[in-house]
Amino acid sequence: MMASEIKKWLRFRSNGTTGFGTLSPSGISVHEGEVFGRSTATGKTLSLSEVELLAPCAPSKIVALWNNFHALAAKLNQPEPPEPLYLLKATTSIAAPGAVIRRPSSYDGKTTYEGELGIVIGKACARVSPDEADSFIFGYTCVNDITANDILTRDPTFPQWARAKGIDDYGPFGPVIATGIDPAGLVVRTILNGAERQNYPISDMIFSAQELVSRISHDMTLLPGDLIAVGTSVGVGVMKEPVNTVTVAIDGIGELTNEFRL
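The paragraphs below set out a description of the structure included in this document. Quantities reported herein were computed from a predicted structural model and do not represent experimental measurements.

Bringing the overall build of the chain into the picture now. Along the chain, the regular secondary structure elements total 5 helices and 20 strands. For 262 residues, the compact-globule formula gives about 18 Å, and the C-alpha radius of gyration of the chain, at 18 Å, lands near that figure. Dimensions of the chain along its principal axes, counting C-alpha atoms only, are 55 × 45 × 30 Å. Relative to its full complement of 262 residues, the chain shows a buried share of 50%. Restricting the contact set of the chain to residue pairs at least 6 apart, pairs at least 24 apart contribute 71%.

By volume, the largest pocket amounts to about 350 Å³. What lines the largest pocket is a set of 21 residues, and nearest its centre among them are Trp66, Leu72, Leu76, Glu114 and Val236. Residue assignment for the lining of the largest pocket shows that the elements contributing at least two residues are strand S6 (62-66), helix H1 (70-75), helix H3 (149-152) and helix H4 (161-165). Considering only residue class, the lining of the largest pocket consists of 8 nonpolar, 9 polar and 4 charged.

Within the largest apolar cluster, 41 residues are counted, with the highest numbers of intra-cluster contacts made by Ile119, Ile202, Val213, Ile228 and Ile253. Of all the secondary-structure elements, those providing two or more residues to this core are strand S1 (7-14), strand S3 (27-33), S6, strand S11 (115-121), strand S12 (137-144), strand S14 (171-179), helix H5 (209-217) and strand S19 (243-250). If one sorts the elements of this core by residue count, H5 sits on top with 4 residues. The contacts of Ile202, once residues within four sequence positions are left out, are Phe69, Leu117, Pro183, Ala184, Leu186, Val188 and Val230.

Burial of H5 is extensive: 7 of the 9 residues sit out of reach of the surface. Taken together, the buried positions of H5 are occupied by Ala209, Gln210, Leu212, Val213, Ser214, Ile216 and Ser217. Looking at the buried residues of H5, the elements they touch are S6, strand S7 (85-89), S11, helix H2 (130-133), S12 and strand S17 (227-229).

Remark: the centre distance and the inter-plane angle together describe each pair of aromatic rings, the angle taken between the planes. Using the criterion set out here, one finds 6 aromatic pairs in the structure. Relative to Phe138, the ring of Phe36 lies with its centre 4.9 Å away and its plane at 75°, an arrangement referred to as edge-to-face. Of the two residues, Phe36 is situated in the loop between S3 and strand S4 (39-46) and Phe138 in strand S12; the sequence distance between them amounts to 102 residues. Residue classification places Phe36 among the partly exposed residues on the basis of a relative accessible area of 26%. For the ring pair Phe69 and Tyr200, a centre distance of 5.0 Å and an interplane angle of 80° mean the geometry is edge-to-face. A residue pair is termed long-range when its members are at least 10 positions apart, and Phe69 in the loop between S6 and H1 and Tyr200 in strand S16 (residues 195-201) qualify at 131 residues. The pair formed by Phe69 and Tyr200 is uniform in burial state, with each residue classed as buried.

The rules we used
Residues numbered from 1 in each chain as written. Predicted model: local features only at pLDDT ≥ 70, side-chain atom pairs only at ≥ 80, totals over all residues. Heavy atoms only, no water. Helix = DSSP H or I, 4+ residues; strand = E, 2+ residues; numbered from the N terminus. Rg over C-alpha atoms; globule rule 2.2 N^0.38 Å. Buried < 20%, exposed > 50% of the residue type's maximum accessible area, 1.4 Å probe, protein only. Contact = heavy atoms within 4.5 Å. 1 Å grid on protein atoms, 1.4 Å probe; cavity = no way out; pocket = protein on both sides within 12 Å on 5 of 7 lines; lining within 4 Å. Points joined across faces, edges and corners; volume = space filled by probe spheres on them. Nonpolar A, V, L, I, M, F, W, Y, C, P; charged D, E, K, R; others polar. Core = buried A, V, L, I, M, F, W, Y, C linked by side-chain atoms within 4.5 Å. Phe/Tyr/Trp six-rings, centres within 6.5 Å; stacked < 30°, edge-to-face > 60°.

The following block contains the structure:
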């Protein structure tokens with residue numbers, strides 16, 4: 001895609017009102033209408049400093065992939081799955097870019113970051129083919145799929161994926177949804193307290209973005225704004241400091257930064 005075709009959509013709160021628009025060299029170009037429908041620029045521009053950024057959409061569900069990268073499967077000595085392995089993450093886990101995330105008082109175990117690419121659906125999608133998938137994808141975003149690891153395997157009879165990943169605020173994403181980009185050429189980097197911990201190519205995915213949308217849409221209807229976190233690769237780690245700054249950076253999309261406090 002030509003750079004002129006790339007847009008970066010975001011949501012914000014200003015003077016108690018929620019709005020949306022696109023990033024421009026001068027700030028936020030405010031739009032009216034619907035993000036996933038018809039919208040037009042109002043001609044008004046706001047600076048980032050005068051608004052509160054929100055998660056760039058409000059999904060009805062968050063689909064999170066497991067074991068979707070060749071490199072991670074090899075490191076864990078696990079077979080590559082014949083079909084996507086995924087869970088649903090609670091929408092109450094959503095946190096905005098820049099939000100401070102706190103480990104709940106009821107849990108004192110390990111918490112890990114997982115830098116990921118997110119797919120945002122643009123229109124209702126059911127039983128589509130991989131070749132059709134791009135027309136249902138609105139764009140892409142940055143995701144930190146935070147996990148309470150000690151909860152996951154605490155009961156040997158039942159892995160608690162939904163609980164371990166569904167804690168309030170354990171699902172920040174944003175700051176924008178980038179449209180007009182090819183995800184296959186993207187690289188995900190995760191920086192913890194100033195040190196790069198993850199750096200991996202999206203091209204290493206076992207199931208591509210289009211394959212994920214197709215296969216998941218054969219199980220459940222995907223709705224406008226729904227988020228698919230495509231899974232992570234090597235470099236996942238524990239956030240150990242009393243205050244941890246985590247940035248998930250994807251060139252072409254942007255940087256998602258949050259603070260995690262024990």
